[in-house]
Amino acid sequence: MSWGTELWDQFDNLDKHTQWGIDFLEKYAKFVKERIEIEQNYAKQLRNLVKKYCPKRSSKDEEPRFTSCIAFYNILNELNDYAGQREVVAEELGHRVYGELMRYSHELKTERKMHLQEGRKAQQYLDMCWKQMDNSKKKFERECREAEKAQQCFERLDNDTNATKADVEKAKQQLNLRTHMADENKNEYAAQLQNFNGEQHKHFYIVIPQIYKHLQEMDERRTIKLSECYKGFADSERRVIPIVSKCLEGMTAAAKSVDERRDSQIVIDSFKSGFEPPGDFPFEDYSQHIYRTVSDGTISTPKQEGVKIDAKTTVGKAKGKLWLFGKKPKGPAQEDFSHLPPEQRRKKLQQRIDELNRELQKETDQKDALIKMKDVYEKNPQMGDPSSLQPKLAETMSNMDRLRMEIHKNEAWLTEVEGKVAARGDRRHSSDINHLVTQGRESPEGSYTDDANQEIRSPPQQHGPHNEFDDEFEDDDPLPAIGHCKAIYPFNGHNEGTLAMKEGEILYIIEEDKGDGWTRARRQNGEEGYVPTSYIDVTLEKNSKGS
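The rules we used
Residues numbered from 1 in each chain as written. Predicted model: local features only at pLDDT ≥ 70, side-chain atom pairs only at ≥ 80, totals over all residues. Heavy atoms only, no water. Helix = DSSP H or I, 4+ residues; strand = E, 2+ residues; numbered from the N terminus. Buried < 20%, exposed > 50% of the residue type's maximum accessible area, 1.4 Å probe, protein only. Contact = heavy atoms within 4.5 Å. Areas by Shrake-Rupley, 256 points an atom, 1.4 Å probe, with all protein chains shown as cover. Pairing = 2+ DSSP bridges. pLDDT = per-residue confidence, 0-100. Phe/Tyr/Trp six-rings, centres within 6.5 Å; stacked < 30°, edge-to-face > 60°. Axes fitted to C-alpha atoms, helices over the stretch in contact; angles between N-to-C directions. Parallel < 35°, antiparallel > 145°, perpendicular 65-115°, else oblique. Left-handed = near helix turned anticlockwise from the far one by under 90°. Nonpolar A, V, L, I, M, F, W, Y, C, P; charged D, E, K, R; others polar.

Trainee: I'm lost on the overall build of the protein chain in this one. Help?
Mentor: A tally of helices and strands in the protein chain yields 12 helices and five strands. In the protein chain, which comprises 547 residues, the share counted as buried stands at 31%. When contacts within the protein chain are restricted to residue pairs at least 6 apart in sequence, those whose partners lie at least 24 apart make up 72%. Entry remark: accessible area of the protein chain is about 36200 Å², with carbon and sulfur atoms responsible for 52%.

Trainee: In this structure, what is going on with the pairing of strand β3 (residues 518-522)? I would like to understand it.
Mentor: Within a regular strand, the side chains alternate between the two sheet faces. Burial analysis of β3 places four of its five residues in the buried class, the great majority of the element. By the bridge criterion, three bridges tie strand β2 (residues 506-511) to β3 in an arrangement that is antiparallel. Considered in β3, the bridge of Y508 is made with R522. Counted between consecutive antiparallel strands, the loop separating β2 from β3 contains six residues, among which G515 sits at a positive phi close to 100 degrees. Bridge analysis of β3 against strand β4 (residues 528-532) gives five bridges, and the strand direction is antiparallel. The residue bridging R522 from the neighbouring strand is E528, located in β4. The antiparallel pairing of β3 with β4 creates a hairpin that spans five residues between the two strands, and G526 there sits at a positive phi of about 95 degrees.

Trainee: Please clarify how the confidence of the model for the protein chain should be interpreted in this entry.
Mentor: Low pLDDT marks regions whose predicted coordinates should not be analysed in detail. Mean pLDDT for the protein chain: 79, with 78% of residues reaching 70 or above. Note on residues 294-330: pLDDT under 50 across the span, and 35 contacts to partners over four residues away in sequence or across chains. Below pLDDT 50 for its whole length, residues 430-475 participates in 52 contacts with residues either more than four positions away or in separate chains.

Trainee: Hey, could you run me through the packing of aromatic side chains in this one?
Mentor: Think of a pair of aromatic rings as described by two things: how far the centres are apart, and how the planes are tilted against each other in angle. Following the criterion strictly, the structure yields 12 aromatic pairs and no others. A ring pair is formed by W20 and F24, whose centres lie 5.6 Å apart and whose planes are at 20 degrees; its orientation type is stacked. Note that W20 and F24 are positioned in helix α2 (residues 11-53) at a spacing of four residues, about one turn of the helix. One aromatic cluster in this structure is built from Y28, F31, Y230 and F233.

Trainee: Sorry if this is basic, but what is going on with the sheet that holds β3 here?
Mentor: Strand pairing in a sheet relies on backbone hydrogen bonds. The paired strands run either parallel or antiparallel. Strand order in this open sheet of five strands is β4-β3-β2-β1-β5, and the pairing throughout is antiparallel. Every interior strand has two partners, whereas the edge strands, β4 and β5 (536-540), have only one. Here the average twist between neighbouring strands, direction ignored, is 40 degrees.

Trainee: So what exactly am I meant to see when it comes to the packing of α2 against helix α4 (residues 165-239) here?
Mentor: Each packed pair of helices is defined by two parameters, the angle between the axes and the distance between the axes. One way to put it is that α2 packs onto α4 with a least axis distance of 11 Å and a crossing angle of 15 degrees. Taken together, the axes of α2 and α4 are roughly parallel relative to one another. Crossing of α2 over α4 shows left-handed handedness. Looking at side-chain class alone, the contact of α2 with α4 contains 16 nonpolar, three polar and five charged residues.

Right, here's the structure in full:
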């Protein structure tokens, strides 16, 4: 099956077919290009969608914590990766398919043009040979007719008795001339005919089959290239299937990671105040005075004036408690987070302490590095000046002191909060028991007596107003002294929480150094604060040293 033998006379149709093949190739290339644009736009829209719904984290407080939110953001990340795979598909199609098609189309056009020019040249050469043969044939035919006329003229004059010998001789010479020219043209025509037949045979059995064979091979290569591009079109999609599958598996895993119990616990951790529910309002008996006035003989327990309940005070204090469970009072945020409920305050303080410890560790590492560098400079002066590191080292030490003070301050607040939460739980438990005891006591007149109130409010009268909710925010008793110290160097104590001291001053030790370089001390006038351990000479009591 060859175009050269089967289609030897279909040059024009082959010209049209090869042109159609190239047009079809470019049509498919245009299709691939539009598919690439679709993939690129799809990936871009997916990325914009992910960017639109991704959280804008301006602070750590706004970070997602709920498992449903984290799962959604994980799905967004997987979708972003999926968009990246669509971009990979577009890139593969552009490089392996569209680019290859455009390059091959250009090559096909060049090759086709060359083969068609060869075919046209061969046809033109055959036409030229045919014209030469036809011209020689016509010339031979014309000379033969002239020779026939000369022969007829010669025969007529030769048979004419009136013709002169000269006329007959002239006619004979003309006949011989025409006969000779006819013979020459005959030979020329025979040569041209033989040459044309040879060129025609060569044209239709050698030249044209060879040209058509090249066109056939070119068209078959075009078909094969289309097949390869079809396969590459599918392979570009198949290459990303494993990663796309992982993206989908990631989305499924994110969906399975949603934990409703954990989310509920996060809600509790986020909004738990740490306060106990308000207790019952005490019964305020306004009828006792009436019954005593009517019946003086009624036996009742004498009423102490110091424990008389003021209705306005009681109601006011009760209302003061309710803000913890209703609307929070508006006010500026405090450094010690005292504007927050106890539980939230404890969490905030713990977070701040963790952050300060991380910063302190960084400063400590930096100090160690500077000290090592200083040692290297001292041993090898040519590498640098050790004194050049002193300002940076001093700054680092200052930062460490500041961070330690901040940690101490926040730890003190944290200890205060944790102590109050524990005390509140004990106080709540005891108040419940006393409440049950109170409910069982009545006076003979049918009214409640004040004995239970007297038992509950046993502290001295000067502490009476603090037995309600407000006493939970009072400072604890001063810590006992566990030793004393003498200041070796003066300390200015400008930072908050520190205690200034003069050289030689004697102070009480109320809290030992916990390994951070600071000791808690107290003056005789009761003023407390932290002082550098390296600035004092500490003497602890024997029982304190053993503890």
